[in-house]
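# Inside the fold
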Amino acid sequence: MKAPYQIIKRPIITEKSMEMLDEHKYTFEVDKNANKPEIKKAVEAIFEGVKVKSVRTMNYKGKKVRTRYGYGKRADWKKAIVELTEDSQAIEYFDGL
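Rules used throughout
- Each chain carries its own residue numbering, running from 1 in the direction its sequence is written.
- Where local features are concerned, this predicted model is filtered to residues with pLDDT of at least 70; where side-chain atom pairs are given and counted, the filter is 80 or more; whole-chain, interface and lining totals use all residues.
- Derived side-chain values reflect all non-hydrogen atoms in the structure, with water molecules and hydrogen atoms excluded from consideration.
- UniProt positions are given in the numbering used here, feature names are shortened, and annotations may be inferred rather than shown by experiment.
- Residues enter a nonpolar core if they are buried and are Ala, Val, Leu, Ile, Met, Phe, Trp, Tyr or Cys, with the set joined through side-chain atoms within 4.5 Å.
- Exposure classes here rest on a 1.4 Å probe applied to the protein chains alone. A residue is buried below 20% of its type maximum, exposed above 50%, and partly exposed in between.
- Here a helix means four or more residues in a row that DSSP labels H or I, a strand means two or more in a row labelled E, and each is numbered from the N terminus.
- Note on contacts: a residue pair qualifies if any of its non-hydrogen atoms lie within 4.5 Å across the two residues.
- The pairing criterion for strands is at least two bridges between them, as found by DSSP.
- Axes here mean lines fitted to C-alpha atoms, for a helix over just the part in contact, with angles spanning 0 to 180 degrees between N-to-C directions.

As annotated in an unreviewed UniProt entry, the protein is Large ribosomal subunit protein uL23 from Anaerococcus lactolyticus ATCC 51172. You can read under Sequence similarities (unreviewed entry) in the UniProt record for the protein the words "Belongs to the universal ribosomal protein uL23 family."

Shown next as structure tokens:
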């Protein structure tokens, strides 16, 4: 199994993800090959006092882009929406935003 910081790459901060904070849902970019149990364990390991209720994942294909030398493609990536239990602590990273 990979280290938790290799699974969770970065938080995704958008208007929609900020609205979901009221429902105890947090959005992260994760490793493409990570599965739901690995994501759950990584979030609970990185953020102390957090209990994960469910994990939803989405795979995104990279867009085709035109470059100076022809056509290329952005990297494929994976997004995870992590829902916390009601008795769980909030993730402090998102509190100041």
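Moving on, there is more to tell.
Our next topic: the nonpolar core. In terms of nonpolar packing, the biggest core is built from 20 residues, with I8, F28, I39, V43 and I91 touching the most fellow members. Within the residue set of this core, elements represented by two or more residues are β2 (25–30), α3 (36–46), β3 (52–60) and β6 (77–84). With 4 residues, α3 is the largest single contributor of residues to this core. In contact with V43, other than residues within four places in its own chain, are I8, F28, V50, V52 and V82.

This next bit is on the sheet that holds β3. Within the open sheet, the 4 strands sit side by side as β1-β2-β6-β3. Their pairing is antiparallel. A single partner strand is all that each edge strand has here, and the edge strands are β1 (8–11) and β3. Between one strand axis and the next, the sheet turns through 30° on average, direction left out of account. Bridge analysis of β2 against β6 gives 6 bridges, and the strand direction is antiparallel. By the bridge assignment, K25 is partnered in β6 with E83. On top of the sheet, α3 reaches β1, β2, β3 and β6; it is set at about 120° to β3, its chief contact.

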